[in-house]
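Geometric and topological summary
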Amino acid sequence: MNASKLVRLVLQSLRRNTRDFALSGIGIVVGISTLFLFTALGSGIKSVVLEDVFVVDQLEVVPQSYDVGAFKSEGLVGGAELTDQTVDKLRQIEGVESTYPKMKLAFPASARGGERFVGQNLIVELVGDGIPPKMVDDELEDSMAFRDWSGEVTCQSGSECPAGHQCQEGTCRGESCDPREDDACPDPAYCPHDTQRCTMPVPVVVSPRLLEIYNNSLHTSLGGAKGAISNMPQLSEDALLGFEVEGIFGRSYLGESKKGDAIQRRLRLVGFSERAIDMGATMPIGYVKRFNTRFRGESSAQNYHSIVVETERNKDVSNVAQTITDDMGLTLSDDYERAQRAGLLVTIVTLAFNLIALIILAISAINIMHTFLMIILERRREIGLMRALGATKSDIRLAILGESTVLGVIGGGVGLLVGWGLIAMVDYLFQTQVGTFPFKPDSLFAISAWMPLAALGVAVIFCWIGALLPAWRASGIDPAEALTGPE
Amino acid sequence: MIHISNLHKSYETGETTREVLTSVDLEIEEGEFVAIVGTSGSGKTTLLNIMGGLDRDYDGRVVVDDCDLAEFDESGIAELRNETFGFVFQQFNLLDHLTVRENVALPGFFTERDRQRELPDDEISPEELLHRVGLGDYLEQSPSTLSGGERQRVAIARALYGRPSNLLCDEPTGSLDHGTGLQIMELFQQLNREQSITLIVVTHEEHIARMARRIVRLEEGRIVADEPNDPVEPEASSLVATAGDAPDAEEETT
Ligand SMILES: Nc1ncnc2c1ncn2[C@@H]1O[C@H](COP(=O)(O)OP(=O)(O)OP(=O)(O)O)[C@@H](O)[C@H]1O
Ligand SMILES: [Mg+2]
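Residues numbered from 1 in each chain as written. Chains lettered and ligands numbered in written order. Predicted model: local features only at pLDDT ≥ 70, side-chain atom pairs only at ≥ 80, totals over all residues. Heavy atoms only, no water.

The next point concerns the sheet that holds strand β5 (residues 67-68) of chain B. Hydrogen bonds along the backbone pair up the strands of a sheet, which may run parallel or antiparallel. Residues and elements named next belong to chain B. A sheet is described by the order of its strands in space; here four strands give the open sequence β2-β1-β4-β5, paired in antiparallel fashion. Strand pairing shows two members of the sheet lacking a second neighbour, β2 (16-28) and β5, which therefore form its edges. Where strand β1 (residues 2-13) and strand β4 (residues 59-64) come together, five bridges link them in antiparallel fashion. Pairing of Ser5 across the sheet is with Arg61, part of β4. (Pairing = 2+ DSSP bridges. Helix = DSSP H or I, 4+ residues; strand = E, 2+ residues; numbered from the N terminus.)

A word on the state of the cysteines. Residues and elements named next belong to chain A. In this structure the tally under the stated criterion is four disulfides over all chains. Disulfide pairing is shown between Cys161 and Cys172; the S-S distance is 1.9 Å. On the S-S bond that ties Cys161 to Cys172, the torsion sits near -85 degrees, and the link is left-handed. One end of the pair, Cys161, is in the loop between β7 (128-131) and β8 (165-168); the other, Cys172, is in strand β9 (residues 171-174), and 11 residues separate them in sequence. Comparing Cys161 with Cys172 shows no difference in burial state: the two are buried. (Disulfide = S-S within 2.5 Å. Buried < 20%, exposed > 50% of the residue type's maximum accessible area, 1.4 Å probe, protein only.)

Residue and element names in this part refer to chain A. By the secondary structure assignment, Tyr100 is in strand β4 (residues 96-104). It is 9.3 Å that separates the C-alpha atoms of Tyr100 and Pro133, two residues lying 33 residues apart in sequence. For Tyr100, the contacting residues outside a window of four places in its chain are Pro132, Lys134, Met135, Ser306, Ile307, Val308 and Glu310. (Contact = heavy atoms within 4.5 Å.)

In this section: the packing of helix α6 (residues 148-160) of chain B against helix α7 (residues 178-195) of chain B. Any two packed helices are characterised by the angle at which their axes cross and by the distance between the axes. Residues and elements named next belong to chain B. Where α6 contacts α7, the axes come no closer than 10 Å and their chain directions differ by 20 degrees. Relative to α7, the element α6 is oriented roughly parallel. Note that α6 runs across α7; the crossing there is right-handed. In this structure, α6 contributes Gly149, Gln152, Arg153, Ile156 and Leu160 to the contact, and α7 contributes Thr180, Gln183, Ile184, Leu187, Phe188 and Leu191. Tallied by class, the residues present in the contact of α6 with α7 amount to six nonpolar, four polar and one charged. (Axes fitted to C-alpha atoms, helices over the stretch in contact; angles between N-to-C directions. Parallel < 35°, antiparallel > 145°, perpendicular 65-115°, else oblique. Left-handed = near helix turned anticlockwise from the far one by under 90°. Nonpolar A, V, L, I, M, F, W, Y, C, P; charged D, E, K, R; others polar.)

Residue and element names in this part refer to chain B. Arg18, Ser40, Lys44, Thr45 and Thr46 are the nearest of the 13 residues found near ligand 1. One of the side-chain nitrogen or oxygen atoms of Arg18 is found 2.6 Å away from an oxygen atom of ligand 1. Contact distances for ligand 1 include 3.0 Å between an oxygen atom and a backbone N or O atom of Gly43. In isolation ligand 1 exposes 630 Å². Once the protein is present, 66% of that is buried. (Near = heavy atom within 4 Å. Polar contact = N/O pair within 3.5 Å; in protein donor to acceptor, adjacent residues only side chain to side chain. Areas by Shrake-Rupley, 256 points an atom, 1.4 Å probe, with all protein chains shown as cover.)

The next subject is a nonpolar patch on the surface. On the surface, Ile410(A), Val414(A), Val418(A), Leu422(A), Met425(A), Tyr428(A) and Leu429(A) cluster together to form a nonpolar patch covering roughly 630 Å² of accessible area. Within the secondary structure, Val418(A) is located in helix α11 (residues 393-433). (Patch = residues over 30% accessible without salt bridge, like charges linked within 9 Å, V, L, I, M, F, W, Y side chains within 5 Å. Salt bridge = Lys/Arg side-chain N within 4 Å of Asp/Glu carboxyl O.)

Going through the model one piece at a time under the given rule, you end up with 11 aromatic pairs over all chains. Their ring planes at 15 degrees and their centres at 4.1 Å tell us that Phe249(A) and Phe291(A) sit as a pair that is stacked. Separated by 42 residues along the polypeptide, Phe249(A) in strand β11 (residues 244-249) and Phe291(A) in helix α7 (residues 285-295) bring together distant segments of the chain. With a relative accessible area of 0%, Phe249(A) lands in the buried category. Ring centres 6.2 Å apart and planes at 10 degrees place the aromatic pair Phe87(B) and Phe89(B) in the stacked group. A relative accessible area of 4% means that Phe87(B) is categorised as buried. Here the aromatic residues Phe107(A), Phe249(A), Tyr287(A), Phe291(A) and Phe295(A) are joined through ring pairs into a cluster of three or more. Arg397(A) extends its terminal NZ or CZ atom over the ring of Trp472(A), reaching a point 4.5 Å from the ring centre. (Phe/Tyr/Trp six-rings, centres within 6.5 Å; stacked < 30°, edge-to-face > 60°. Lys NZ or Arg CZ within 6 Å of the ring centre and 35° of its normal.)

Contacts between the two partners involve 26 residues from chain A and, on the opposite side, 27 residues from chain B. Taken together, both faces of the contact between chain A and chain B bury some 2,400 Å²; the carbon and sulfur share is 60%. Of all residues in chain A, the largest losses of buried area upon contact with chain B belong to Gln12(A), Leu385(A) and Leu389(A), amounting jointly to 24% of the total for that side. On the surface where chain A and chain B come into contact, there are two salt bridges. Arg15(A) is paired through a salt bridge with Glu102(B); the nearest N and O atoms lie 2.8 Å apart. Summed over the shared surface of chain A and chain B, the result is nine residue pairs in polar contact (both at pLDDT 80 or more). Elements with a minimum of two residues in the side of chain A that touches chain B: α1 (3-14), α10 (380-388), α11 and α13 (479-484) of chain A. For the side of chain A that touches chain B, the element with the most residues is α10(A), which contributes six residues. (Buried area = accessible area lost by both parts, 1.4 Å probe.)

This part takes up the confidence of the model for chain B. Residues and elements named next belong to chain B. In the predicted model, chain B carries a mean pLDDT of 87, and the fraction of residues at 70 or more is 87%. Model confidence for chain B, summarised as mean pLDDT per element, is weakest for helix α9 (residues 238-243) at 46 and strongest for strand β3 (residues 33-37) at 97. Note on residues 115-120: pLDDT under 50 across the span, and nine contacts to partners over four residues away in sequence or across chains. Predicted confidence for residues 236-254 stays below pLDDT 50, and this span has 37 contacts to residues more than four positions away or in other chains. ipTM for the predicted complex: 0.89, alongside a pTM of 0.67. (pLDDT = per-residue confidence, 0-100.)

Here the focus is the pattern of salt bridges. Counted by the stated rule, this structure contains 21 salt bridges over all chains. The partner of Asp194(A) in a salt bridge is Arg294(A), with the nearest N and O atoms 3.7 Å apart. Taken together, the residues Asp194(A) in the loop between β9 and β10 (202-206) and Arg294(A) in helix α7 connect sequence positions 100 residues apart. Overall, the relative accessible area of 38% leaves Asp194(A) in the partly exposed class. The exposure class assigned to Arg294(A) is partly exposed, which follows from its relative accessible area of 39%. Residues Arg132(B) and Glu128(B) are paired through a salt bridge, measuring 3.2 Å at the closest nitrogen-oxygen approach.

Our focus in this paragraph is helix α12 (residues 450-475) of chain A. Relative to the 38 Å expected for 26 residues at 1.5 Å per residue, α12(A) spans 35 Å between its end C-alpha atoms, a close match to the ideal helical length. When the local axis directions of α12(A) are compared, the greatest deviation, roughly 40 degrees, occurs at Ala467(A), which is followed within four positions by the proline Pro470(A). (Expected span 1.5 Å × (residues − 1). Bend = angle between axes of the 7 residues up to and from the residue.)

Ile4(B), Leu7(B), Ile36(B), Leu47(B), Met51(B) and Leu106(B) are the most contacted members of the largest nonpolar core, which totals 79 residues. The biggest single contributor to this core is α12(A), with eight residues. Non-local contacts of Met51(B), meaning those with residues more than four positions away in its chain, are made with Ile2(B), Ile4(B), Leu26(B), Ile28(B), Ile36(B), Val62(B), Val64(B), Leu69(B), Phe85(B), Leu168(B) and Ile200(B). (Core = buried A, V, L, I, M, F, W, Y, C linked by side-chain atoms within 4.5 Å.)

A few words now on helix α1 (residues 44-51) of chain B. The element α1(B) is extensively covered by neighbouring structure, given that seven of its eight residues are classed as buried. Listed in full, the buried residues belonging to α1(B) are Lys44(B), Thr46(B), Leu47(B), Leu48(B), Asn49(B), Ile50(B) and Met51(B).

Next up, the structure:
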């Protein structure tokens, strides 16, 4: 029997038993709508978790760390170090858009300042790291402010160089100055004691969270402190821009660096960025490399503390992460793992709900089996007749499976419509009845094209499962017996 | 052409085995009109089912058009049923959810060869077949709205679909009253005469059997008589004309 004949025969047979099929199809409708609803819900929640709550369009590669007792030792036991070669290799992974190496200050440093706000200078430990300026370009109002002024700044004429600098042989060089003079260099350049050349302050960005913590907690608790510190004001981002402190590199409360004498450099706050170090100051990586070479040695300027990897698209993240960990043997920071775990949790909950949907479907498959067994009992004589008219056993099987396919497609289709209706209703209630909260999404659901297709496929498969045994039974009906027996 | 030699058939019910056909030898040539008669339980239906390839569990040889039925596989026997035989049953076995025309066309679903292409001239449409049995006006009706005689005509049209060379009829008049039964038999005579279709009709009614040209008598599974018969042949022309307009309500026995 060819396909078009089969389709016509199935459609002819379906005219009867429509009520039986409608009843046994209800299970499929319920199961498929549930399956669709929960799959879309899981997918929607997962994307909220992964795209908003935990941002995972970027990965941070860190040196391998081993837990040795209570201590975490980084790179001691021969873990891979992060060098320029690592950066290159990461760059070449498919789906990677850009890589940003990060480096921490690897020697004692402190900062002194704050007179403008507190009336007296405070000295604090300076924790700092360096990042490629490009990383914060689009976050800063004046992206030119965050530059490595002391590195090679190329120029064609003096007007391209910062204040107190001249263009010499294609690079900007600070003019010589006398540090004892006031206003030895034009603002914002200043004249350090050791170099006696006009120098731009080291641009620094800090994390907005730092300000938040200061304003929300530190400010309150310090209010009860002795002396000037209790008078510290609430601060805003704007008020702080341009704020300068003296950085003392090579010396702090906690110690002095083994190598080199301490030097003093001015730090200037040029902006706030999510990408800045949580507790400390973030500067262009060129400064950190030079300071580390000077105070710690050449090798410390070659090893990065982490490399941020940004992917072209969000969905590349997991592939890239896998390449990094499995193929390259590198380690990703805890953030990624935390996000993964949250995503996994959502997946598990989704699966649990989908399991319920599958159980509903399995029950309806049994229901369908009963229906078909009953129908076949009813049609015993008819099946015998068809065999007498030339139908083979496989024709009979195909016809029954064909009927179950139609049942699956219709049941699945109605299930999808019901599911869509439910999704629209839940979203409406969610938007109108639930108050706002952080990361509240527009919709709880994310529907991809594969979902309705897969749902239809699942519906058909369960109908087949239900019809398999009846189809087998039907094909086994003996025509002579079925036709001569009592009606 | 159907050649049966030394056919035995027995049924096992529980521990007892009952032979219902014993040493049956029977040769039916093309174009014959044979009535098989016998009392209830004598094995008529069993014999017919074996001939038509519906029952394949027997001992002995059954040869149809020079092919031993035992040598056919599942799809071969299905093709044989589809193309070589047309079946007519006492209970009509029409599908009420289909129209009369769809019922007649049902065997077409199971035809392997593509009639349209291979046998363009040989094709007889369901409509044409229904015209021939006098039911040209009932094409789109459900068989459930027809009288018993009309239903049996629909079943005969279905049996003729695909131009089988043999019609195997099991008590075709068993559910019909005397007159309607005779009309059906007249239709058979006409088909046999004009299209030389081989007709094998099982019946337990003598007046029906007397319309065939050969009568085979079965008794307890054995052929006890096999003789030619001079059939009563009324005016052949009358039957088609009277068939359509005789709604006999009392025939409903199903
Ligand atoms: N499936 C079966 N199982 C067991 N015995 C059967 C079966 N089918 C038929 N028989 C027996 O075989 C014998 C012959 O049956 P068959 O139907 O061929 O008789 P018949 O001549 O057609 O009778 P009737 O005129 O009543 O239709 C009967 O005794 C019947 O009981
Ligand atoms: Mg019988």
